[in-house]
Amino acid sequence: MDFLNLAKRRYACRKYTDRKVEREKLMQILEAGRVAPTGANRQPQCLVVIESKEGMERLARCTRDFGAPLAILVCADTTEVWHKYDGKKITDIDATIVTDHMMLQAAALGLDTLWICMFKPDAVREEFGLPDEVEPVNILLVGYGDGEPASPDRHDTTRKPLEQTVCFEHF
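Given the structure is predicted, the values throughout are model-derived calculations rather than measurements. (Residues numbered from 1 in each chain as written. Predicted model: local features only at pLDDT ≥ 70, side-chain atom pairs only at ≥ 80, totals over all residues. Heavy atoms only, no water.)

Observations regarding the nonpolar core
Among the nonpolar cores identified, the biggest contains 22 residues, and Leu59, Leu73, Ile139 and Leu141 are the most heavily contacted of them. Contributions of two or more residues to this core are made by helix 3 (53–60), strand 2 (70–77), strand 3 (112–116), helix 5 (121–127) and strand 4 (134–143). In this structure, Ile139 is in contact with Leu59, Thr63, Ala71, Ile72, Leu73, Leu114, Trp115, Ile116 and Phe119, ignoring residues within four places of it in sequence. Among the nonpolar cores identified, the runner-up in size contains 20 residues, and Ala95, Met102, Leu111 and Val142 belong to it. (Core = buried A, V, L, I, M, F, W, Y, C linked by side-chain atoms within 4.5 Å. Buried < 20%, exposed > 50% of the residue type's maximum accessible area, 1.4 Å probe, protein only. Helix = DSSP H or I, 4+ residues; strand = E, 2+ residues; numbered from the N terminus. Contact = heavy atoms within 4.5 Å.)

What follows is the structure in structure tokens.
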């Protein structure tokens, strides 16, 4: 499958079967996150894999889990931050790129995902023992979707046309 078709296939899955994600597939997803580009190659990502029943129950106290059998808590080590010329810290950007790589790798493996940014950061920090310098950025739910996946053609009507989002040479 070429990249554009893969990107169109991926959708926000909000209902999962209880089928476990195979270890080999999980390791491929984590490897995709490992090779993701980060600012100055600082690699500030810290990933917490949550797959036990107890772990998913702890996660459910922080956000909705939609019945997923697996979650990857994507965090950033703020001591590894790279600063741009304007002083902007890009750990959130780095963690987001890592999440995107893992999400697309999961889709390539026939798995479904949901990217969650709405969670209680203090609850996540407490439930998963994050040290002060490690900031939770987002959560990636992973599993086998239950039900009909969203159509890859949905982007024709749910996304703005290119001419509304792209300029050439000048705004």
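This is not the end of the story, as more comes after the structure.
Quick look at the pairing of strand 3
Burial within strand 3 is extensive, with four of its five residues counted as buried. Both strand 3 and strand 4 contribute to a ladder of five bridges, which runs antiparallel. Its bridge partner lying in strand 4, Asp112 is registered against Gly143. (Pairing = 2+ DSSP bridges.)

Let's talk about the pattern of salt bridges
Enumeration according to the criterion identifies ten salt bridges in this entry. Between Arg19 and Glu22 there is a salt bridge; the shortest N-O distance is 2.9 Å. The exposure class assigned to Arg19 is partly exposed, which follows from its relative accessible area of 43%. By relative accessible area, Glu22 is classed as partly exposed at 30%. Where salt bridges share partners, they join Arg19, Glu22 and Lys25 into one cluster. (Salt bridge = Lys/Arg side-chain N within 4 Å of Asp/Glu carboxyl O.)

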